[in-house]
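Residue-level structure breakdown
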Amino acid sequence: MTCLALLCCSCNNSEKNNPSNTDVDANPIPENKKNTTQEMINDIQQRVAAINIENVPYIFNNRKVSLLENKLKSAQGNEQLNLLFTYGLELLNAGQTEKSIAVLTDVLHQVERINVPSKDELIFYIKKQLAIAYMRKAEQDNCIANHTNESCIIPISPKAQHVLKEGAQQSILLLNELLTINPNDLECQYLLNIANMTLGQYPEKVPSKFRIPESHFSNDAEITHFTDIAMDLGVDVNQLSGGTCVDDFNGDGYLDIIASSWGLNDQIKYFENDGRGGFSDKTSDAGLEGVTGGLNLRHADYDNDGHMDFMILRGAWLSIFGSIPNSLMHNNGDGTFTDVTKAAGVYSLNPTQTAVWTDVNLDGWLDLFIANEWSEAKQSFCELFLNNGDGTFQNIAKEAGITVPGFFKGVASGDVNNDLYPDLYLSDYDGLNTLYINTTKETGKPSFKIADESAGVTEPKLSFPTWFFDYNNDGLEDIFVSGYSSSEVLPSEMLLRNLKTNTSEYRPLLYENNGDNTFTEVSLKANLTEPVATMGCNFGDLDNDGFLDFYLATGDPDFFSIVPNKMYRNVRGKSFEDVTYSGGFGHIQKGHAIGFGDIDMDGDQDIYAVMGGAVEGDVFRNLLFENPIGNKNNWINIVLEGKQSNRSAIGAKIIITIEENKRERKIYNTVDSGASFGGNSVMAEIGLGQASIIKKMEIKWPHHSKPVSIFNQVAVNQTIHIVEGGDIQKRNLPQFSFKGKMEGHQHH
């Protein structure tokens, strides 16, 4: 957060505190049963309109600009100068960068002419804001207005270097001046390197004492370069941070894309895969016109009708003004969706960005756990909506023993003790993380208990996204959890601290499952030593070797936080190697939800990434990385369909035995959508290395009767469909090559 006060004012940097005691929920919206989607749209719009925009962080920047313009008309003296500075920064947040530069320059000249306390510090701070404003102008002029599929990916390629140079040049002049005054400012050091890269002047024009070593961008492991093709396919939504679901929503077997943007008035987008190499924008046809907002999305077939539904999560970071209802979007099976939030009984008014679909009592119906953002001003406890099996839910969180409050930014479901009953891991930005062990089997009703302190999974500080996966293929699900950033330490500062001092502070943590309800933190052993302020992320198998890799997207709101998103490849379950730069993943715009999925059905996983920041002016185009390498190894795609179990088969365990290089090994896969801030396909897309056949495939279905399916001598390199209790059915879904731009799609 940037302090907006300039002269003789104090600043509270908390993103969650809010001075107002007025809850916008005082007047509930009346019921309207005729059109439930429009009813919810109206409900949300009324609640958004009631927000006091002056007291809410990040959003409504253009409206805040208008308010400041009115206040400036009557302000005088220091009050006017303070307002003018705040106005300049808000213009930057709103995307009115040229005007922001003019206003901040005016403020600088005024401060230089007057005597005020700490004048040198004030001038330094104003120039620093001007430096980032010019850098943002450079990005808007080049990476946005003249976007290419290599824009903002470091090391900056010649194709992505800036043609319009004024922004970067002016930023460099200011940064050099600032570093002469304070050579220890790590944010300025970092930005100086990036600005020179954009002009093709790195490393020569960066003084050696401020230079990021070239080796930092070239010492990662080699991997075939991935290419962003979103622009060519017309799925490069140009909005703010948001969520994604990559899955088959129309039932044709091919993976579609849903993407959201957290702006409360930002239209959700639905792109349908045509199975021939392109996508069609079906947003309007699907009945989603007017459905807006959502920092995160979570998908599953909650009513077992064979059609994939999804949940939109709203209100994150907004405290009492986060009383914006989530939306449960029911897939009608005819290409349309309906908002059934109220009818389903999951309507609530708590700020959140994280939830998980899981069958807590293994009755064959998916339940919905929502981890909310608790604060003194808005005491929002977690919600566990138990599926009644008739399209409705009831909140049983308290009865089930889930009562710990927290400012939760992530929740994941996994099976810690291999009893098939899903456990829950909650990631708390403000406190210690909590592992809930599922005790339904013992109590006979949905219930959880907090794991003993000996479980050892309460860190990191500033905890954010998380997931369960079996990274070392030992049959035990491990936990990955990454921290975020704070107003005191931005990601660029974290990165340079690590380079200069080799500190491992702020690194992501990897908890290896010991098999006895305890974990050992092994991040350093696994070569996860760099700090990554992670927001969105997910995991998959880039090279089809049967070991799970992962992608971390950095989404800090500050404009200085243009740090690369990171990709890590799993090395035979022993460690991870950084393939960010060789693979072309080092995008420095804000990264959020990540979805892995075999979109072109060629046997390897492609990656959809939602980009963009928090403030209205920090938009960027979403990415789609086509996988060029995975099918050099063998693979199998498995669509499971539960009968006793939930139809999506979420929570099913697939154990594959292969022989590779005359040695037998097992590959473990659990069906789910991946990380807490991402949306993988629930089709199990499993790499098989060099195995020419699957010797044995065992499926443990997620039901309390614990049914098991076993198949021997299964052919590789195919997509198959298995109904619980049935045989393997091969799906004849031809692979395709991605083709050109979606009809009517334009850039600029």
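Residues numbered from 1 in each chain as written. Predicted model: local features only at pLDDT ≥ 70, side-chain atom pairs only at ≥ 80, totals over all residues. Heavy atoms only, no water.

Counting its secondary structure elements, the protein contains 11 helices and 38 strands. Scaling as 2.2 N^0.38, a compact globule of 748 residues should have a C-alpha radius of gyration of about 27 Å, and the protein matches this with 25 Å. The principal-axis extent of the C-alpha atoms belonging to the protein is close to 80 × 60 × 55 Å. Here the protein holds 748 residues, and the buried ones make up 66% of them. Contacts in the protein between residues far apart in sequence, at least 24 positions, make up 62% of those at least 6 positions apart. Summing over all exposed atoms, the protein offers an accessible surface of approximately 26300 Å²; the carbon and sulfur share of this is 46%. With 59 positive and 99 negative side-chain charges, the protein shows a spacing of 2 Å between the two charge centroids. (Helix = DSSP H or I, 4+ residues; strand = E, 2+ residues; numbered from the N terminus. Rg over C-alpha atoms; globule rule 2.2 N^0.38 Å. Buried < 20%, exposed > 50% of the residue type's maximum accessible area, 1.4 Å probe, protein only. Contact = heavy atoms within 4.5 Å. Areas by Shrake-Rupley, 256 points an atom, 1.4 Å probe, with all protein chains shown as cover. Lys, Arg positive; Asp, Glu negative; His and termini not counted. Charge placed at Lys NZ, Arg CZ, Asp CG, Glu CD.)

Turning next to the sheet that holds strand S31 (residues 634-641). Strand order in the open sheet formed by four strands is S34-S31-S37-S38, with mixed pairing between adjacent strands. Across the chains shown, the open sheet's two edge strands, defined by having one partner strand only, are strand S34 (684-689) and strand S38 (728-730). Across this sheet, the average inter-strand angle for adjacent strands is 30 degrees, counted without regard to direction. One ladder, built from five bridges, connects S31 with S34; its direction is antiparallel. Looking at the pairing, isoleucine 638 lines up with alanine 684 of S34. (Pairing = 2+ DSSP bridges. Axes fitted to C-alpha atoms, helices over the stretch in contact; angles between N-to-C directions.)

Below, the discussion takes up the UniProt feature "domain: ASPIC/UnbV" (unreviewed entry) in the protein. According to UniProt, the feature "domain: ASPIC/UnbV" (unreviewed entry) maps to residues 649-720 in the numbering used here. Between the end C-alpha atoms of residues 649-720 there is a gap of 14 Å, over a span that is 0% helix and 57% strand. (UniProt positions renumbered as here; feature names shortened; annotations may be inferred.)

What follows concerns the packing of aromatic side chains. Under the defined criterion, the tally for this structure stands at 38 aromatic pairs. Judged by centre distance (5.8 Å) and plane angle (50 degrees), the rings of tyrosine 254 and phenylalanine 736 are tilted. With tyrosine 254 in the loop between strand S3 (244-247) and strand S4 (256-259) and phenylalanine 736 in the segment after S38, this residue pair connects regions lying 482 residues apart in the sequence. Phenylalanine 736 carries the same exposure label as tyrosine 254, and that label is buried. Considering the side-chain rings of tryptophan 374 and phenylalanine 381, the 6.4 Å spacing of their centres and the 65 degrees angle between planes classify their relative orientation as edge-to-face. By relative accessible area, phenylalanine 381 is classed as partly exposed at 40%. (Phe/Tyr/Trp six-rings, centres within 6.5 Å; stacked < 30°, edge-to-face > 60°.)

Below, the discussion takes up the side chain of serine 676. Checked against the element boundaries, serine 676 lands in the loop between strand S33 (663-670) and S34. Classification of serine 676 as buried rests on a relative accessible area of 1%.

Time to look at the sheet that holds strand S26 (residues 575-578). On the basis of which strands lie adjacent, the open sheet formed by four strands has the order S23-S24-S25-S26 and antiparallel pairing. Whereas interior strands pair on both sides, the edge strands pair on one side only; in this sheet they are strand S23 (534-540) and S26. Ignoring which end each strand starts from, the neighbouring axes of this sheet average 25 degrees apart.

The first and last C-alpha atoms of helix H3 (residues 77-93) sit 25 Å apart over 17 residues, in line with the 24 Å expected at 1.5 Å per residue. Of all the 17 residues making up H3, 13 are buried; the element is thus mostly covered by neighbouring parts of the structure. (Expected span 1.5 Å × (residues − 1).)

With that settled, consider helix H11 (residues 491-501). For H11, every residue scored as buried is listed here: Pro491, Ser492, Glu493, Met494, Leu495, Leu496 and Asn498. Along its buried surface, H11 packs onto helix H7 (186-198). Looking at the residues trailing H11, positive phi occurs at asparagine 502, about 60 degrees.

To continue, consider the pattern of salt bridges. Oppositely charged side chains may form a pair once their charged atoms are brought near each other. Inspection of every chain in the model, using the stated rule, returns 32 salt bridges. Notably, a salt bridge pairs lysine 566 with glutamate 530, separated by 3.4 Å at the nearest N-O pair. In this pair, lysine 566 sits in strand S25 (residues 566-571) while glutamate 530 sits in the loop between strand S22 (519-521) and S23, placing the two residues 36 residues apart along the sequence. Each member of the pair, lysine 566 as well as glutamate 530, is classed as buried. The network of salt bridges with shared partners includes Glu39, Asp43, Arg47 and Lys342. (Salt bridge = Lys/Arg side-chain N within 4 Å of Asp/Glu carboxyl O.)

The subject of this paragraph is the nonpolar core. In globular proteins that are soluble, nonpolar side chains generally tend to be buried together. By size, the foremost hydrophobic cluster in this structure holds 135 residues, and its most contacted members are Tyr190, Trp262, Trp317, Tyr551, Ile607 and Tyr608. Considering every element that reaches this core, the biggest residue donor is helix H5 (residues 119-144), with 13 residues. Membership of the second largest hydrophobic core comes to 55 residues, among which are Leu640, Ile650, Ile654 and Val714. (Core = buried A, V, L, I, M, F, W, Y, C linked by side-chain atoms within 4.5 Å.)

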